[in-house]
Amino acid sequence: MSHAQPPPTSRDFDAYFAAVSGSRLLPALWQQAYGDDYPARLRTFSLTTWSLLREVRDRLAIDPGSRLLDLGCGEGGPGLWLASQADAELIGVDFSLVALRSAARRASAFLPAGRSRFVAGAFSAIGLADASIDAAVSFDAFIFCADKAAGFRELHRVLRPGAHFAFTLAEVIDPAQATGLRLADHRPLVAAAKLQILHYAETEGWREPQRRTYQLWLEHADDLRADLGEATAEALLDEARRVGAQLDSMRRMLLIGA
């Protein structure tokens, strides 16, 4: 855990989303690991579950007609679902153009035309106006923000006063194992960015289904190579071996702030 992994680039994620966007195998393995809590129709490729999405929806209580920001939106499913639940507008931001194009294609299944847009940007350079966002979410993506202090400052800049946000954050339990990408505690950075913490707790039951996901990837290694291509499959298999061996030293936190 003490050895820092270089952050993936936009090119890395373009290749990833190009490979997984048409995959049937990968969602099937997530479904097998997570059961009915896996939001299959949202095509999430992270630890996001129906249980978590409902909790975020209820805690944020997004007003109809408000503007929701999804940072690191990927193919857009969770943000689109939350915006549809609240009758809100969605702005999705990601640095993968392939993911953004996929999200834009899928938007009409959740929101009327003109109620969503997807723009290129990053946590530390969102590219939106000051105080222009009514609520924000980010699911399992902030780990890829290389400058997390700058990321929280940028979040503060785009949120209107009093606006709430919900982030899921990967942390290590032992501070000695922290790296530039995986911290032991995000709260000092949140406070330094002049954001208020309303809720900060480990998400329930995340570890075992994720462990099972990694086991399934390894068991279906050849099928993944055939389905996704050698490069993307090997990246997932490397994650399964490396991160799978570290799950007991990690925690996944839900941060609600304002």
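Structure: above.
Residues numbered from 1 in each chain as written. Predicted model: local features only at pLDDT ≥ 70, side-chain atom pairs only at ≥ 80, totals over all residues. Heavy atoms only, no water.

### Details of the overall build of the chain
Part 1 of the argument: Broken down by element type, the chain carries 10 helices and seven strands.
Part 2 of the argument: Here the chain has a C-alpha radius of gyration of 17 Å; the compact-globule value for 258 residues is 18 Å, and the two agree.
Part 3 of the argument: Considering only C-alpha atoms, the chain reaches an extent of 50 × 45 × 30 Å along its principal axes.
Part 4 of the argument: Burial analysis of the chain (258 residues in total) assigns 51% to the buried set.
Part 5 of the argument: Sequence-distant contacts, at least 24 apart, represent 73% of the contacts inside the chain between residues at least 6 apart.
Part 6 of the argument: Positive and negative charge centroids in the chain, built from 28 and 32 side chains respectively, lie 3 Å apart. (Helix = DSSP H or I, 4+ residues; strand = E, 2+ residues; numbered from the N terminus. Rg over C-alpha atoms; globule rule 2.2 N^0.38 Å. Buried < 20%, exposed > 50% of the residue type's maximum accessible area, 1.4 Å probe, protein only. Contact = heavy atoms within 4.5 Å. Lys, Arg positive; Asp, Glu negative; His and termini not counted. Charge placed at Lys NZ, Arg CZ, Asp CG, Glu CD.)

### A short note on the pattern of salt bridges
Part 1 of the argument: According to the stated counting rule, one finds 18 salt bridges in the structure shown.
Part 2 of the argument: Across the pair Arg211 and Asp248 runs a salt bridge, and its minimum N-O distance is 2.9 Å. In this pair, Arg211 is assigned in helix H8 (residues 207–219) and Asp248 in the loop between helix H10 (230–242) and strand E7 (250–257), connecting sequence segments 37 residues apart.
Part 3 of the argument: What makes Asp248 exposed here is its relative accessible area of 54%.
Part 4 of the argument: Counted as one network, the salt bridges with shared partners bring together Asp222, Arg225, Glu230 and Glu234. (Salt bridge = Lys/Arg side-chain N within 4 Å of Asp/Glu carboxyl O.)

### A few points about the environment of Val93
Part 1 of the argument: The topology assignment puts Val93 in strand E2 (residues 89–94).
Part 2 of the argument: Judged by its relative accessible area of 1%, Val93 is buried.
Part 3 of the argument: For the pair Val93 and Trp30, spaced 63 residues apart in sequence, the C-alpha separation works out to 24 Å.

### Focus on the layout of surface pockets
Part 1 of the argument: Size it by volume and the second largest pocket reaches roughly 270 Å³.
Part 2 of the argument: Considering the residues around the second largest pocket, the lining is formed by 17 residues, among which Thr49, Ser51, Leu52, Thr203 and Glu204 are closest to the centre. (1 Å grid on protein atoms, 1.4 Å probe; cavity = no way out; pocket = protein on both sides within 12 Å on 5 of 7 lines; lining within 4 Å. Points joined across faces, edges and corners; volume = space filled by probe spheres on them.)

### Focus: the pairing of strand E5 (residues 159–172)
Part 1 of the argument: As paired strands, strand E4 (residues 133–138) and E5 are joined by five bridges and run parallel to one another. Looking across to E5, one finds that Ser138 is bridged to Phe167.
Part 2 of the argument: As for the winding sense of the linkage, the β-α-β connection from E4 through helix H6 (residues 148–158) to E5 is right-handed.
Part 3 of the argument: As paired elements, E5 and E7 share eight bridges and run antiparallel to each other. In the sheet register, Ala170 faces E7, and the bridge partner there is Arg252. (Pairing = 2+ DSSP bridges. Right-handed = clockwise from strand over helix to strand, strands pointing away.)

### Details of the pairing of E7
Each regular strand shows side chains that alternate between the opposite faces of the sheet.
Part 1 of the argument: A large share of E7 lies buried, amounting to seven of its eight residues.
Part 2 of the argument: Here five bridges tie strand E6 (residues 197–202) to E7, and the two strands are oriented antiparallel to one another. Each residue of the ladder has a partner; that of Ala201, found in E7, is Leu254.

### Describing the environment of Trp217
Part 1 of the argument: Take Trp217: it is sitting in helix H8.
Part 2 of the argument: Given the relative accessible area of 3%, Trp217 is considered buried.
Part 3 of the argument: For the pair Trp217 and Leu26, spaced 191 residues apart in the sequence, the C-alpha separation amounts to 8.4 Å.
Part 4 of the argument: Discounting chain neighbours no more than four positions away, the residues touching Trp217 are Leu26, Leu29, Trp30, Leu224, Leu236, Leu237, Glu239 and Ala240.

### A closer look at the packing of aromatic side chains
Aromatic ring pairs are described here by two measures, namely the spacing of the ring centres and the angle between the planes.
Part 1 of the argument: Counted by the stated rule, this structure contains 16 aromatic pairs.
Part 2 of the argument: Ring geometry for Phe13 against Tyr16: centres 6.4 Å apart, planes inclined by 80 degrees, an arrangement best described as edge-to-face. Here the residue Phe13 and the residue Tyr16 both occupy positions in helix H1 (residues 10–20), the gap between them amounting to three residues, near one helical turn. No difference in accessibility class separates Phe13 from Tyr16, as the two residues are buried. (Phe/Tyr/Trp six-rings, centres within 6.5 Å; stacked < 30°, edge-to-face > 60°.)

### What about the sheet that holds E6?
Part 1 of the argument: On the basis of which strands lie adjacent, the open sheet formed by seven strands has the order E3-E2-E1-E4-E5-E7-E6 and mixed pairing. In the strand order of this sheet, the two ends are held by strand E3 (116–120) and E6, each with one partner. For this sheet, the mean inter-axis angle between neighbouring strands, taken without regard to orientation, is 15 degrees.
Part 2 of the argument: Judged from the five bridges that link them, strand E1 (residues 67–71) and E2 form a sheet pairing that is parallel. Within E2, the residue paired with Leu69 across the bridge is Ile91. (Axes fitted to C-alpha atoms, helices over the stretch in contact; angles between N-to-C directions.)

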